[in-house]
Amino acid sequence: MKAFEWTNPTTVNEAVKMLVASPGDIDEAPRPLAGGQDLLTTMKDYTSRPTRLVNLKNIRGLNKITLNARGLTIGTLVTLTELEEHAGVRKSFPGLAEAANSIATPQIRNLGTVGGNLCQRPRCWYFRLEEVICLKKGGSECYAASGENKYNAIIGGGPSYIVHPSDLAPVLLALGATVTVMGATGKRVIPLDKFFTLPTEGDIRRENVLKNEEIITEIHVPASPLAARSTYLKFKERESLDFAIASAAVAVRLAGRMVQDARIVLGGVAPVPWRVPAAEKFLVGKELKPDVLAEAAKIALADAQPLEKNAYKVPLAQTLVRRALAKAGGV
Ligand SMILES: Cc1cc2nc3c(=O)[nH]c(=O)nc-3n(C[C@H](O)[C@H](O)[C@H](O)COP(=O)(O)OP(=O)(O)OC[C@H]3O[C@@H](n4cnc5c(N)ncnc54)[C@H](O)[C@@H]3O)c2cc1C
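Computed from a predicted model, the values in this text were never measured in an experiment.

Conventions adopted
- Residue numbers run consecutively from 1 along every chain, following the written order of its sequence.
- Totals for whole chains, interfaces and linings use every residue, but because this is a predicted model, local features are given only for residues with pLDDT of at least 70 and side-chain atom pairs only at 80 or more, for both listing and counting.
- Hydrogens and water are ignored here; the side-chain numbers use all heavy atoms of the structure.
- Comment: elements are numbered from the N terminus, with helices defined as DSSP H or I runs of at least four residues and strands as E runs of at least two.
- Polar contacts, as counted here, are pairs of nitrogen or oxygen atoms within 3.5 Å of one another; within protein the pair requires one atom able to donate a hydrogen and one able to accept it, and residues that are adjacent in sequence qualify only if both atoms are side-chain atoms.
- When checking whether two residues touch, look at their non-hydrogen atoms; a contact exists if any pair is within 4.5 Å.
- The pocket and cavity definitions rest on a 1 Å grid over protein atoms only: a 1.4 Å probe that fits but cannot leave marks a cavity, an open set with protein on both sides within 12 Å along at least five of seven lines marks a pocket, and residues lining either have an atom within 4 Å of a point.
- Grid points are joined across faces, edges and corners, and a volume is the space filled by probe spheres set on the points.
- Three classes are used: nonpolar for Ala, Val, Leu, Ile, Met, Phe, Trp, Tyr, Cys and Pro, charged for Asp, Glu, Lys and Arg, and polar for all others, with Gly counted as polar.
- Within this document, salt bridges are pairs made up of a side-chain nitrogen of Lys or Arg and a carboxyl oxygen of Asp or Glu, the two lying within 4 Å of each other.
- Only protein chains enter the area calculation, which uses a 1.4 Å probe; residues under 20% of their type maximum are buried, those over 50% are exposed, and those in between are partly exposed.
- A pair of strands counts as paired when DSSP detects no fewer than two bridges linking them.
- Working convention: axes come from line fits to C-alpha atoms, limited for helices to the stretch in contact. Angles between N-to-C directions cover 0 to 180 degrees.

A. Up close: the side chain of Thr81. Along the polypeptide, Thr81 turns up in helix α3 (residues 80–85). For Thr81, the side chain forms a polar contact with the side chain of Asn110, separated by 2.8 Å. Ignoring any residue separated from it by four or fewer positions in sequence, one finds Thr81 in contact with Pro106, Arg109 and Asn110.

Printed below as a string of structure tokens:
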């Protein structure tokens with residue numbers, strides 16, 4: 001691990017000031033530290049080499065969960081365990097509690113935070129290998145494109161084929177969440193569908209629109225009739241702990257047996273959590289019968305363009321969509 005300066009701000013403004021520093025390179029610049037469950041691993045293998053760590057954990061007020069008529073507000077330092085165990089979240093936003101529960105191990109969930117989960121770096125093994133300077137680390141090639149790509153993107157990939165690793169992101173996107181961010185020029189509120197970036201959008205070395213000196217302070221999920229019928233299904237290779245090979249976040253609103261509104265977001269298959277509006281639209285006005293579920297799942301993966309070794313993800317994700325819709329719809 002490269003030597004770094006350790007700082008302990010007690011306010012968000014102080015933290016932002018400590019993050020404002022050159023160089024602009026994401027892998028070298030000062031970084032905010034939350035639970036450290038991702039950042040420290042990238043530092044240990046030199047994937048990131050921040051000159052300074054800005055510890056967020058001494059900033060008061062960033063670890064609260066508030067649930068009221070306007071919806072759910074989650075402080076960035078809320079741990080995955082706190083989210084998963086919150087009675088109101090379990091009752092009114094079940095998909096979110098399920099997603100939190102699906103992450104890693106109890107020990108990692110006790111330390112890992114919601115903000116850190118959204119901002120964690122990709123898990124592609126080429127990206128994580130110290131010796132490999134791939135496209136995402138400033139090199140000229142995405143080695144996954146023609147190499148060992150069984151875990152990589154089947155949708156929205158190119159020229160980099162990472163998948164976004166966050167399990168919370170698909171559900172939060174399905175539920176229309178926004179993130180509040182503080183930076184050198186003040187506060188901004190970003191809808192989650194404008195937060196994550198494809199490799200072709202913006203800076204290929206980043207996965208979201210945050211600037212170096214910006215920190216997430218909270219995540220807001222609006223109250224919505226969709227939330228109570230939300231669910232998250234994840235397929236992982238190791239049952240004990242693993243990242244999603246594919247996942248589906250689904251939320252539906254029913255009138256009787258008919259779908260009035262639906263949200264479907266795929267995880268583990270694209271460089272960003274991947275919403276599928278065509279499948280959502282197809283469902284409106286229909287009953288969640290087996291043929292409808294199968295057709296919606298087919299539409300959801302219609303844009304898939306698998307690489308040489310990951311075509312298996314297509315039927316896997318289709319199955320997750322079908323089962324998640326059935327579960328959310330109670331059929
Ligand atoms: C063995 C293992 C298994 C895992 N399995 C899963 C899994 O199944 N699913 C999953 O989703 N994740 C998984 N993770 C990834 C991750 O550790 C957790 O999801 C966790 O939530 C990360 O949160 P953290 O607070 O520890 O983040 P940190 O490591 O502190 O930070 C992660 C990144 O986010 C940035 N950051 C942190 N907070 C903020 C903020 N407020 N504003 C801006 N940037 C910020 C940091 O600078 C850093 O770049 C796993 C990790 C490990 C080690």
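There's plenty left to go through after this.
B. Region of the structure containing empty space enclosed by the protein. For the coordinates displayed, the defined rule picks out two cavities of 30 Å³ or more. Here the largest cavity defines a volume of roughly 70 Å³. Surrounding the largest cavity, Cys124, Tyr126, Phe127, Cys134, Leu135, Lys136, Cys142, Ala144, Asn152, Ser160, Tyr161 and Ile162 form its lining. Along the lines of polarity and charge, the residues of the lining of the largest cavity split into nine nonpolar, two polar and one charged. Looking at the lining of the second largest cavity, its residues break down into five nonpolar, two polar and three charged.

C. Highlighting the pattern of salt bridges. One pass over the structure, following the stated rule, counts 20 salt bridges. Two residues, Arg123 and Asp38, come together in a salt bridge whose shortest N-O distance is 3.1 Å. Linking Arg123 in the loop between α7 (114–119) and α8 (125–128) with Asp38 in the loop between β2 (31–33) and α2 (39–44), this pair joins segments that are 85 residues apart in sequence. Residue classification places Arg123 among the partly exposed positions, given a relative accessible area of 33%. Notably, a salt bridge pairs Arg128 with Asp38, separated by 2.9 Å at the nearest N-O pair. Taken together, the residues Arg128 in helix α8 and Asp38 in the loop between β2 and α2 connect sequence positions 90 residues apart. Owing to a relative accessible area of 12%, Arg128 belongs among the buried residues under this scheme. For Asp38, a relative accessible area of 12% puts it in the buried group. One continuous salt-bridge network, built from bridges that share partners, spans Asp25, Asp27, Arg121, Lys136, Arg205 and Glu207.

D. Focus on the sheet that holds strand β9 (residues 230–235). The strand order across the open sheet built from four strands is β9-β10-β11-β12, with neighbouring strands paired in antiparallel fashion. Here the strands that pair on one side only, and so sit at the sheet edges, are β9 and β12 (274–275). Across nine bridges, strand β10 (residues 246–255) lies against strand β11 (residues 258–267) in antiparallel orientation. Following the sheet pairing, Leu254 is matched in β11 by Val259. Helix α12 (residues 313–329) rests against β9, β10 and β11 of the sheet, and its axis sits at about 30° to β10.

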